[in-house]
Each structure stands twice: as C-alpha cells, then as structure tokens.
Amino acid sequence: VQLQACGGGLVQAGGSLRLSCAASGSIAGINVMGWYRQAPGKQRELVATFVSGGSTRYTDSVKGRFTISRDNAKKNLYLQMNSLKSEDTAAYYCYAEQPTDWSAITYWGQGTLVTVSS
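### What about the environment of tyrosine 95?
Moving on, step 1. With respect to the secondary-structure elements, tyrosine 95 resides in strand β9 (residues 90-99).
Moving on, step 2. With 12 residues separating them along the chain, tyrosine 95 and serine 83 place their C-alpha atoms 24 Å apart.
Moving on, step 3. If we skip the residues at most four places from it in the chain, tyrosine 95 touches Leu3, Val32, Met33, Gly34, Trp35, Tyr36, Leu46, Thr49, Thr106, Tyr107 and Trp108.

In structure tokens, the structure reads:
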C-alpha cells in the first residue's frame, strides 16, 4: 500500500484547507484510515480517523472544524479543515491500517505541511 498526501500550505487564521491522501496498491483489506499531525517540538497527535462503515472520530481540539471523509473505493481520504488556528500548524500525515491474522499493518504517507499564520 502506498499513500500520497497533498494539500498543505500557508493559510491565515480562520481560513480553510483540504488535505488529500491517495491510496494505491493492495488497498482492499484496509479498514481504518486517518490523519496524524506533528507540530515542531511536540508529540505526534491523532487528528481524525475513518473506519470502514463510515464511523469517524476526532480529537477534541478539531471537533466541529475538521471533517474526515473517504471515497467508496478507499482510494482517496480527505481532511477538510475549516476555521484554522495557529495551533493547527503541523506536518499532517495520512495513515492506513490493514488487519492481519494477529495484528495490523500500518502504512504511512509522507507529511504535508500546514502553516496557519495569525
């Protein structure tokens, strides 16, 4: 499985960005996809997840502002980010999980940088 993320950039506080993550390869078995972010000097943070079947979860700090979605073919994952704040500045990474008999394999995309200016 290969993941290619894009959509980051520089935006003013209050603005919006839409991140995309294109999945390719053996994606049929993927059951969870999502986004992490990591700000400079901070730990990696799980931002949002999308579980096959359509359930979604968000970290508290982005609830009501971010929306995660995925197309039915599992080929594209999105993160719509509205009302951006300076604290949203980070490198954003998409990931995908594929269950195995005993555990799961996690795949990662390269980061896409989001910078929110205040």
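Additional details are given in the paragraphs that follow.
### Things to note about the state of the cysteines
A covalent bond between the sulfur atoms of two cysteines is what we call a disulfide.
Moving on, step 1. Throughout the structure, instances matching the rule amount to 1 disulfide.
Moving on, step 2. Across a sulfur-sulfur distance of 2.1 Å, cysteine 21 and cysteine 94 are joined as a disulfide pair. Measuring handedness by torsion sign, the sulfur bridge of cysteine 21 and cysteine 94 sits at about 60 degrees and is right-handed. Highlighted residues: cysteine 21 in strand β3 (residues 17-24) and cysteine 94 in strand β9, separated in sequence by 73 residues. Cysteine 94 carries the same exposure label as cysteine 21, and that label is buried.
Moving on, step 3. Unpaired in terms of disulfides, cysteine 6 finds its nearest cysteine sulfur in cysteine 21, a separation of 8.5 Å.
Moving on, step 4. Overall, the relative accessible area of 43% leaves cysteine 6 in the partly exposed class.

### Focus on unusual backbone geometry
Moving on, step 1. Even without a glycine there, the phi angle at serine 83 is positive, about 50 degrees.
Moving on, step 2. Topologically, serine 83 is positioned in the loop between β8 (76-81) and β9.
Moving on, step 3. For serine 83, a relative accessible area of 39% translates into the label partly exposed.

### Some points on the pairing of strand β1 (residues 2-6)
Moving on, step 1. Only one face of β1 is buried, namely the one carrying Leu3 and Ala5, since none of Gln2, Gln4 and Cys6 on the opposite face is buried.
Moving on, step 2. Alignment of β1 against β3, held across 5 bridges, turns out to be antiparallel. Bridged to alanine 5 within β3 is cysteine 21.

### Quick notes on the packing of aromatic side chains
Moving on, step 1. As enumerated under the stated definition, the model contains 3 aromatic pairs in all.
Moving on, step 2. Their ring planes at 40 degrees and their centres at 5.7 Å tell us that tyrosine 95 and tryptophan 108 sit as a pair that is tilted. Of this pair, tyrosine 95 sits in strand β9 while tryptophan 108 is found in strand β10 (residues 104-108), placing the two residues 13 residues apart along the sequence.
Moving on, step 3. A network of ring pairs unites the aromatic residues Tyr36, Tyr95 and Trp108 as a single cluster.

### Here we look at the side chain of threonine 49
Moving on, step 1. Structurally, the position occupied by threonine 49 is in strand β5 (residues 45-51).
Moving on, step 2. Look at threonine 49 and you get buried, because its relative accessible area is 9%.
Moving on, step 3. Residues in contact with threonine 49, not counting those within four places in the same chain, are Val32, Met33, Gly34, Ser55, Thr56, Arg57, Ile68 and Tyr95.

### Re the pairing of strand β6 (residues 55-58)
Moving on, step 1. Here β5 runs beside β6; their pairing, made up of 4 bridges, is antiparallel. Bridged to threonine 49 within β6 is arginine 57.

What counts, and where the lines are drawn
Residues numbered from 1 in each chain as written. Predicted model: local features only at pLDDT ≥ 70, side-chain atom pairs only at ≥ 80, totals over all residues. Heavy atoms only, no water. Helix = DSSP H or I, 4+ residues; strand = E, 2+ residues; numbered from the N terminus. Contact = heavy atoms within 4.5 Å. Disulfide = S-S within 2.5 Å. Buried < 20%, exposed > 50% of the residue type's maximum accessible area, 1.4 Å probe, protein only. Pairing = 2+ DSSP bridges. Phe/Tyr/Trp six-rings, centres within 6.5 Å; stacked < 30°, edge-to-face > 60°.

This is a description of form; function is not addressed.
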